[in-house]
Structure formats: C-alpha cells, structure tokens
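# Per-entry structural report
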Amino acid sequence: MSYYIGLMSGTSLDGIDLALIEQGGTTRLAATHYMSMPEELRQEMLALCTPGPNELARSAIAEQQWVQLTAAGISVLLEKSQIAPEKIRAVGSHGQTIRHEPALGFTIQIGNPALLAELTGLTVISDFRRRDIAAGGQGAPLVPAFHEAIFASSERKRVILNVGGFSNLTLLSPDSPVRGFDCGPGNVLLDSWIQKHQGKRYDDNGSWAASGKVQNALLQLMLSDDFFSRQGPKSTGRELFNSSWLQQKLSVLPECQSQDIQATLLELTARSIVDSIATESIDDLFVCGGGAHNLALIRRLQALLPSCKVSTTQKMGIDPDWVEAMAFAWLAHCCLEGIPANRPSVTGARGLRVLGAIYPA
C-alpha cells in the first residue's frame, strides 16, 4: 500500500485541489484539501495565458508563488490526514497551464517541481503532458486512463464528463478501447461573462443562466466554429475560447440582454457535450469537476439525453470535486511503476508512453 498526493490547478483558476490517495490493488481517496487562488496570483496567471511583456520572468515569479501556496497546502493536507510525510511516495503535480498549443508541438504548465520538492521534502512528479505531445499526441485529456481504471464497467457503456474551465469526456465501452477528447468550453466563458456583468466568479447553480433565454442565432454562430465539427483526438484551451472569441461572435448580431447571453453560453456547453456523443448509445453519464454543481447544466444535459441517466460521480462513490486531483496522484503512481498512462486512442499519440518527470526528494 502506497500514498500519493495529487495536485490540480485547472483552467478556471479558482483554486488548487489536493487529494491524498491510498494506492494498492484499488485506488482510495484518503484525504482532501482545497486552497483558493489569491486574487493577485489568479489575475497574473490569467494574464500569462496570452502573450505579454516580460512574460518569461513574470511566469517564473508566478510559479514560485504557486509552489509556495501549494507546499503550504500539502502541509495542511498531511496534518488533516495524520499521515507522516515519509509515507508519501510521491506528489503528482499538474501545475498551472498557461499555454496549450498541440498543433504547434507544445504545452506549458508552470509549477517549478524542483522548488516543490525542496519545500516539501517529497518526491515530485510533473510535466505529464509533454511526453504525449512529443509522441505526436494532443497531450490532453490525460484523465481517461484513470477514468478507465476506476469507472469502467463490463456491462454498461459510460461517459465520464469533466466540466472545468473546459469540458472533456471519456467514453468507456465494454470490450472497446477507451476514447476521449475535449468537447469545448465548460465554465470558462460562463465564468468570464458573469464576472464582467455581476462581479461574481461563477454562476451559482446556473441560476443566472436559467433566468435568461437562449438566443438561437448566437448559439448557431458559436457552434459553427471549426473546433466543434472536428472529430477527436482534439483538445482546446483559452488560446481559442476566450473573451475575444465571444466578443467577435456578439459583434455581428443584434445586442442581447446579458442574462440571455449567459443562458446561451450554458446551452453551448451542454450542446457541445451532447453533440460529441450523438452517435453513441450511452447507458450512464457521470459528471465531475466544478460543472457538477451547476444544476441548470445537469438538468439541461438530462433533457438532451432522455435515454441516458445523468448524475455525478458521487453515485460511483467518488466526490466529483476530487476526481482530477486523484487522477494526477494516480499518474504519479504510474510513472514510478513504469506504467504507460496515456491512451493513443484518446490523444492520437504514436503509442503508449510513461508520462512525467521525476524530481527526487
């Protein structure tokens, strides 16, 4: 039996999830901790997602701040769990994505794993995505292998849907290779729009979106983006779906009420997910990530998928807030054991690869 810590700081930039897993024949969630992203650091990380002045030095400073925050979080997590540091085999750190351009052959997650190892005295494994990209893959999503390990059924066809800043899904079919890809924007445009118009970081339960009316002309214009018509493997990020992308769509249409735009953005998230699996016969769809708390989105997914049961991963015994952080703890385990953890059927890589770079304690 071994213990691993997984760190996930997603594209929503709201905070850092820390999950402690117990890894043996199965994977068990042992303890969790969440840390909000300080607003100044959040704004800097967000700014680093687009080209800007002195960005190399700024990213180096920002990642030191991110690591110091994370190291403090690990200390709290270990205290909460009553697990001695020497029992932790490794920390799997996703880092913070600031650029993702697989078509150009690169992805960048900052998080200074050497400093994290130094501050915690723990072995740190990071940089999971670049080996897959080096092998011709998208470098994302990487969680389908973990989804396969803990959610696959020998009898039912399942979709595991992660809705964070962006949406990605995993298709788990009995006797078939796992498949998965990014669907499009999850919360990223919803969060940006409500922050602009109401000063809130997110739309609680999707209530503001539910108060508006979907604008079909805007929806169809957004869905006409080439990304949605492409088949997987595919991945995306803020490089494509951002405020400028939305403003360009809005500029060619009559002005809408702000709540109607929010409703349309929620419909975009739901439709891009459902359209991605339109040809599949699905028994169950399990949602994880922040979007699992958006009741308006869950209801809309269920309405669009009447023959499929839509619920969260809580029904499978795993809190939807911690699935991704658990996945990176599990990926650290795979790295140390020499287990390939990408899936060519998901990312398009030339073959199976062991992922991650090791920074010893």
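None of the values given here were measured: they were computed from a predicted structure.

Below, the discussion takes up the packing of helix α8 (residues 216-223) against helix α10 (residues 243-251). The interhelical angle for the contact between α8 and α10, taken along N-to-C directions, is 130°, at an axis separation of 10 Å. The angle between α8 and α10 places the two elements in the oblique class. In the packing of α8 onto α10, the handedness of the crossing is right-handed. Residues Leu 218, Leu 221 and Met 222 of α8 pack against Trp 245, Leu 246, Lys 249 and Leu 250 of α10.

Quick look at the environment of Ser 229 now. Following the sequence through the fold, Ser 229 ends up in helix α9 (residues 226-229). When the C-alpha atoms of Ser 229 and Lys 315 are compared, they prove to be 32 Å apart, with 86 residues separating the residues in sequence. Among the polar contacts listed, one links the side chain of Ser 229 to the backbone oxygen of Asp 226, at a separation of 2.9 Å.

Okay, the packing of aromatic side chains next. With the rule as written, the count across this model stands at six aromatic pairs. Residues Phe 128 and Phe 328 carry aromatic rings whose centres are separated by 5.5 Å and whose planes lie at 65° to one another, so their mutual orientation is edge-to-face. Note that Phe 128 is positioned in the loop between β6 (124-126) and α4 (130-134) and Phe 328 in helix α13 (residues 323-337), a separation of 200 residues in sequence. Among the aromatic residues, those joined into a ring-pair cluster are Phe 227, Phe 228, Phe 241 and Trp 245. The ring of Phe 227 has Lys 234 lying over it, and the distance from NZ or CZ to the ring centre is 4.3 Å.

Applying the stated criterion across every chain yields a total of one cavity of 30 Å³ or more. One number sums up the size of the largest cavity: a volume of about 30 Å³. Taken together, Pro 141, Leu 142, Pro 144, Ala 145, Ala 341, Asn 342, Arg 343, Val 346 and Thr 347 form the lining of the largest cavity. Here the lining of the largest cavity is built from residues that sort into six nonpolar, two polar and one charged.

Another aspect to go through is the domain arrangement of the protein. Taken as a whole, the protein is organised into domain 1 (2-139 + 322-359) and domain 2 (143-316). Computed over C-alpha atoms only, the centres of domain 1 and domain 2 are separated by 23 Å. Contacts between the two partners involve 28 residues from domain 1 and, on the opposite side, 29 residues from domain 2. For the domain 1 and domain 2 pair, buried surface summed over both sides reaches about 2200 Å², with 56% attributable to carbon and sulfur atoms. Three residues stand out in domain 1 for area buried against domain 2, namely Thr 11, Val 323 and Val 346, and they jointly supply 26% of the buried area on that side. At the surface where domain 1 touches domain 2, the tally comes to two salt bridges. Glu 39 is paired through a salt bridge with Arg 201; the nearest N and O atoms lie 2.4 Å apart. The interface formed by domain 1 and domain 2 includes ten residue pairs in polar contact (both at pLDDT 80 or more). Contributions of two or more residues to the side of domain 1 that touches domain 2 are made by α1 (39-47), β4 (88-101), α13 and α14 (344-347). Among the residues making up the side of domain 1 that touches domain 2, the classes are represented as 13 nonpolar, eight polar and seven charged.

One open sheet holds the five strands; their spatial order is β9-β8-β7-β10-β11, and the pairing between them is mixed. Each end of this open sheet is capped by a strand with a single partner; those strands are β9 (179-185) and β11 (309-312). Within this sheet the neighbouring strands show an average axis-to-axis angle of 20°, counted without direction. In the sheet, strand β7 (residues 158-163) pairs with strand β10 (residues 284-288) via five bridges, with the strands oriented parallel.

Cut-offs used in this document
- Residues numbered from 1 in each chain as written.
- Predicted model: local features only at pLDDT ≥ 70, side-chain atom pairs only at ≥ 80, totals over all residues.
- Heavy atoms only, no water.
- Axes fitted to C-alpha atoms, helices over the stretch in contact; angles between N-to-C directions.
- Helix = DSSP H or I, 4+ residues; strand = E, 2+ residues; numbered from the N terminus.
- Parallel < 35°, antiparallel > 145°, perpendicular 65-115°, else oblique.
- Left-handed = near helix turned anticlockwise from the far one by under 90°.
- Contact = heavy atoms within 4.5 Å.
- Polar contact = N/O pair within 3.5 Å; in protein donor to acceptor, adjacent residues only side chain to side chain.
- Phe/Tyr/Trp six-rings, centres within 6.5 Å; stacked < 30°, edge-to-face > 60°.
- Lys NZ or Arg CZ within 6 Å of the ring centre and 35° of its normal.
- 1 Å grid on protein atoms, 1.4 Å probe; cavity = no way out; pocket = protein on both sides within 12 Å on 5 of 7 lines; lining within 4 Å.
- Points joined across faces, edges and corners; volume = space filled by probe spheres on them.
- Nonpolar A, V, L, I, M, F, W, Y, C, P; charged D, E, K, R; others polar.
- Domains from an automatic or database assignment.
- Buried area = accessible area lost by both parts, 1.4 Å probe.
- Salt bridge = Lys/Arg side-chain N within 4 Å of Asp/Glu carboxyl O.
- Pairing = 2+ DSSP bridges.

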